[in-house]
Amino acid sequence: ETTVTQSPASLSMAVGEKVSISCKTSTDIDDDMNWYQQKSGEAPKLLISEGNTLRPGVPSRFSSSGYGTDFVFTINNVLLGDEGIYYCQQSDNVPLTFGAGTKLELK
Amino acid sequence: EVQLQQSGAELVKPGASVKLSCKTSGYTFSNYYMSWLKQMPGQNIEWIGNIYGGNGGTGYNQKFKGKATLTVDKSSSTAYMDLSSLTSEDSAVYFCARLDYGYNGYFDYWGQGVMVTVSS
């Protein structure tokens, strides 16, 4: 099983700042990493899929990078509406596994 | 428009079973895998297993074998999950989510989630 270690657990940012979230995997997963946003009381929403591919309709302020075992998710110019919990998920092998999440709060 | 509509919240007694449903529309049900996932309050998301809409073939996370049983009804484009021998550890929000491709991949559409509460 591939363990996904996500950090930090929480962030408090000001509008306009840059957000960076890290996920490290216990096995090499190529570029099979995905990123989700979950707002309170809602289902997760897919933002970026394998190969650092921005999903249709997702603003270009969101991006990701990484290959192998180290991955980074970035939000440039963070907005109030970006508050929520962000999760990474590996899709290289089963069981499919998620990071523990990063709670993003805006000051 | 792809939609996944889950059944309503459940309050069940310890030791009982519950069957959750996920009715889909807007895509060809038999061409995709459906996953079920568990999220306990304030906690991580766990993948329970997959089921193929075409033939009902399944794959489970070892952790949930014996706890969850996945089925489909192709005629109504609906996926189901049975949870058995419920305990307080099964109290959680359960999501169905479509896999964009194949057996292991990413979840491009999600149901709204259903809260299952196990309590006497």
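Above this text is the structure in question.
Cut-off values and rules
- Counting restarts for each chain, with residues numbered from 1 along the sequence as it is written.
- Whichever chain is written first is A, and whichever ligand is written first is 1; the rest continue in order.
- The predicted origin of the model limits local features to residues at a pLDDT of at least 70 and limits the giving and counting of side-chain atom pairs to 80 or more, whereas totals for whole chains, interfaces and linings rest on all residues.
- Neither water nor hydrogens contribute to the side-chain values; these are computed over all heavy atoms in the structure.
- Numbering goes from the N terminus for both helices and strands, where a helix is a DSSP run of H or I of at least four residues and a strand is a run of E of at least two.
- Only the C-alpha atoms count toward the radius of gyration. The rule for a globule is 2.2 Å times the residue count to the power 0.38.
- Residue exposure (1.4 Å probe, protein chains only): buried if accessible area is under 20% of the type maximum, exposed if over 50%, otherwise partly exposed.
- What makes two residues a contact is simply this: any of their non-hydrogen atoms within 4.5 Å.
- Accessible surface is estimated by sampling points in the Shrake-Rupley manner with a 1.4 Å probe; for residues, cover comes only from the protein chains shown.
- Charge assignment in this entry is limited to Lys and Arg as positive and Asp and Glu as negative, and neither His nor the chain termini are counted.
- By convention, the charge on Lys lies at NZ, on Arg at CZ, on Asp at CG and on Glu at CD.
- What gets called buried area is simply the loss in accessible area from a 1.4 Å probe that two parts show on being joined, summed for both.
- Salt bridges are identified by distance alone: a Lys or Arg side-chain nitrogen within 4 Å of an Asp or Glu carboxyl oxygen.
- Counting of polar contacts relies on pairs of N or O atoms within 3.5 Å, with two restrictions inside protein: one atom must be capable of donating a hydrogen and the other of accepting it, and residues adjacent in sequence are counted only when both atoms are side-chain atoms.
- Under the scheme applied here, ten amino acids are nonpolar (Ala, Val, Leu, Ile, Met, Phe, Trp, Tyr, Cys and Pro), four are charged (Asp, Glu, Lys and Arg), and all others, including Gly, are polar.

S.K.: How do you make sense of the overall build of chain A when you look at a structure like this?
M.R.: A tally of helices and strands in chain A yields 0 helices and 11 strands. Relative to its length of 107 residues, chain A is compact, with a C-alpha radius of gyration of 13 Å against a globular reference of 13 Å. The principal-axis extent of the C-alpha atoms belonging to chain A is close to 35 × 25 × 25 Å. Going through the 107 residues of chain A one by one, you find that 50% of them count as buried. Pairs at least 24 residues apart make up 55% of the contacts formed inside chain A by residues separated by at least 6 positions. In the structure as shown, chain A presents an accessible area of about 4,700 Å², 49% of it carried by carbon and sulfur atoms. Here chain A holds 8 positive side-chain charges and 13 negative ones, and the gap between their average locations is 10 Å.

S.K.: Would you take a moment to explain the interface of chain B and chain A for this structure?
M.R.: As a measure of interface size, the accessible area lost when the parts come together is often cited. Each partner contributes to the interface: chain B provides 19 residues, whereas chain A provides 21 residues. Summed over both partners, the interface of chain B with chain A comes to about 1,600 Å²; 60% of that surface belongs to carbon and sulfur atoms. Seen at the junction of chain B and chain A, the total is 0 salt bridges. The interface formed by chain B and chain A holds 8 residue pairs in polar contact (both at pLDDT 80 or more) in total. Among the secondary structure elements, those contributing two or more residues to the side of chain B that touches chain A are β4 (33–39), β5 (45–52), β9 (92–99) and β10 (107–110) of chain B. Grouping the constituent residues of the side of chain B that touches chain A by class yields 10 nonpolar, 7 polar and 2 charged.

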